[in-house]
Amino acid sequence: MKAVRIHETGGPAVLQVEDVEQPVPPAGHVLIRVAAAGVNYTDVMARQGIYLSREAALELPAILGTEVAGVVVAVGDGVPESATGRRVVGFVRSGYAEYAVAPHALVAEVPEGVDLVDATTCLVQGVTAWHLLQQCGRLEPGQTVLIHAAAGGVGSVAVQLARILGAGRVVATAGTADKRKLAEELGADLVVDYTRPEWPDEIATGTGGRGVDIVLDAVGGEVAERSLGCLAPFGRLVVYGVSSKQIAPFAGSQLMLHNHTVVGYWLTGWLTDRSAPETTRIVDRLLDLHREGRLRAVIRHAYSLADAAQAHRQIAARGTTGKVVLTT
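What counts and how
- Residues numbered from 1 in each chain as written.
- Predicted model: local features only at pLDDT ≥ 70, side-chain atom pairs only at ≥ 80, totals over all residues.
- Heavy atoms only, no water.
- Helix = DSSP H or I, 4+ residues; strand = E, 2+ residues; numbered from the N terminus.
- Contact = heavy atoms within 4.5 Å.
- Disulfide = S-S within 2.5 Å.
- Buried < 20%, exposed > 50% of the residue type's maximum accessible area, 1.4 Å probe, protein only.
- Axes fitted to C-alpha atoms, helices over the stretch in contact; angles between N-to-C directions.
- Parallel < 35°, antiparallel > 145°, perpendicular 65-115°, else oblique.
- Nonpolar A, V, L, I, M, F, W, Y, C, P; charged D, E, K, R; others polar.
- Pairing = 2+ DSSP bridges.
- Right-handed = clockwise from strand over helix to strand, strands pointing away.

This part covers the environment of Ala297. Along the chain, Ala297 turns up in the loop between α10 (276-291) and β15 (299-304). Residues Ala297 and Arg87, 210 residues apart in the sequence, show an inter-C-alpha distance of 17 Å. When neighbours within four sequence positions are excluded, Ala297 is seen to be in contact with Asp118, Thr121 and His290.

Another point: the state of the cysteines. Per the stated rule, a full pass over the model turns up zero disulfides. Residue Cys122 stays outside any disulfide, its sulfur separated by 19 Å from that of Cys136, the closest cysteine. A relative accessible area of 0% means that Cys122 is categorised as buried.

What follows is about the packing of helix α1 (residues 41-48) against helix α11 (residues 308-316). Between two packed helices, the angle of one axis relative to the other and the distance separating the axes together describe the packing. Running from N to C, α1 and α11 cross one another at 105°; their axes reach a closest spacing of 10 Å. By the angle class used here, α1 and α11 are roughly perpendicular. Residues Tyr41, Asp43, Val44 and Arg47 of α1 touch α11, and the partners they reach there are His312, Ile315 and Ala316. Residue composition of the contact of α1 with α11, grouped by class: four nonpolar, one polar and two charged.

In this section: the pairing of strand β9 (residues 144-147). Residues of β9 alternate between two faces, with Thr144 and Leu146 on one and Val145 and Ile147 on the opposite face, all of them buried. Direction of pairing for β9 relative to strand β10 (residues 169-173): parallel, over a ladder of four bridges. In the strand pairing of β10, Val145 is matched with Val170. Between β9 and its parallel partner β10, the chain crosses via helix α4 (residues 153-164), and the hand of that crossover is right-handed.

Purely geometric stuff here, so don't read any function into it on its own.
The following block contains the structure:
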C-alpha cells in the first residue's frame, strides 16, 4: 500500500510517499480502507520533532496521522465480523496511508447521509471543541465565549458547538477578512481581527465592558496573555495549543484579582482505553449533529497523499481554513 512516511524529523520535504506492507489488525482492532486522513498542527510538530512529552515521540521511520474516515475491510480477534463493510471514523496511529488500523473501541459508525470526508471533523477537532466548551470551559446557558482562530479546524467547530450548547453570545477572532466572514457565517455574534493591537478593547466594547466567561486559545504568547484581560469575574481561559510557539506566563496574582482560572487541554492525554466509551459517545453525538444539518463541516483543503508536504506547509503558514485532509 501507499503511505506517507518520515525517516527523520525536519522540514516538509521529509514526508515521502512509499510502498509499505499493509497492516493486519491485531485483537480488538479493525483495518480501515482510508478515504480521508486528517492533517493537524500536532502532525506538523511531530514532523519537526516537537512533542509535549517524551512519551509522545515517534519511533522512526514513522507514518504520521491520528484520525481517518473510511470503510472497515478486516477485523482482529474479538471484533464482530459484522463490523466489516461499515463506514466509520476512528482514531489511529499511522493514518497517512491507504489502510490504517484502529482500536475498535475508538471507532464510530458514520450515519447515512454524512460524507466520509466531512466526518473527519468529528474526531480531533470535534472532540477537542466539545471538551474545551463542556469539561474545561464549563459552559453554562447564556454565557459568553471568545474563540480565537475561529476559522481553524477546532475554532470552526467550536463556534457552532458553543451556540448548540447554549452560549448566549459567541465572540470570534480571525486574522483575515475571509476567515472573519466565515466565523460570522458559522454563527459568531462579534468577530474581531486579533492582528490589530486594540482587539481586546473591541471585545470589551462589544460585551458592554463585562468581558467574556470563557476563552478558547490555541495561539499562546501575547494573545493568551492579553486574553486574561478579556475575562469577566470567575472567567476561564482554556489553553489547548501554542501555534505562536511562545509560552504565555501567568502569575498567580493575575488570576487572584478577578477569580480567573487557566485550564490546559491536550487530546492525546485524554485518549486512553478508559476514556474510549466517552470519546465515542461524543463522536456519535457530533455525527448526529451533522446528519441533522445542525453542524457544518468546513473543509476547503483536500490534498492527495503525494501532496502531504504541501498540506504541512499551508498549516504551518496559517494559510488554511477549517479542516485539512489527505484523500486516497
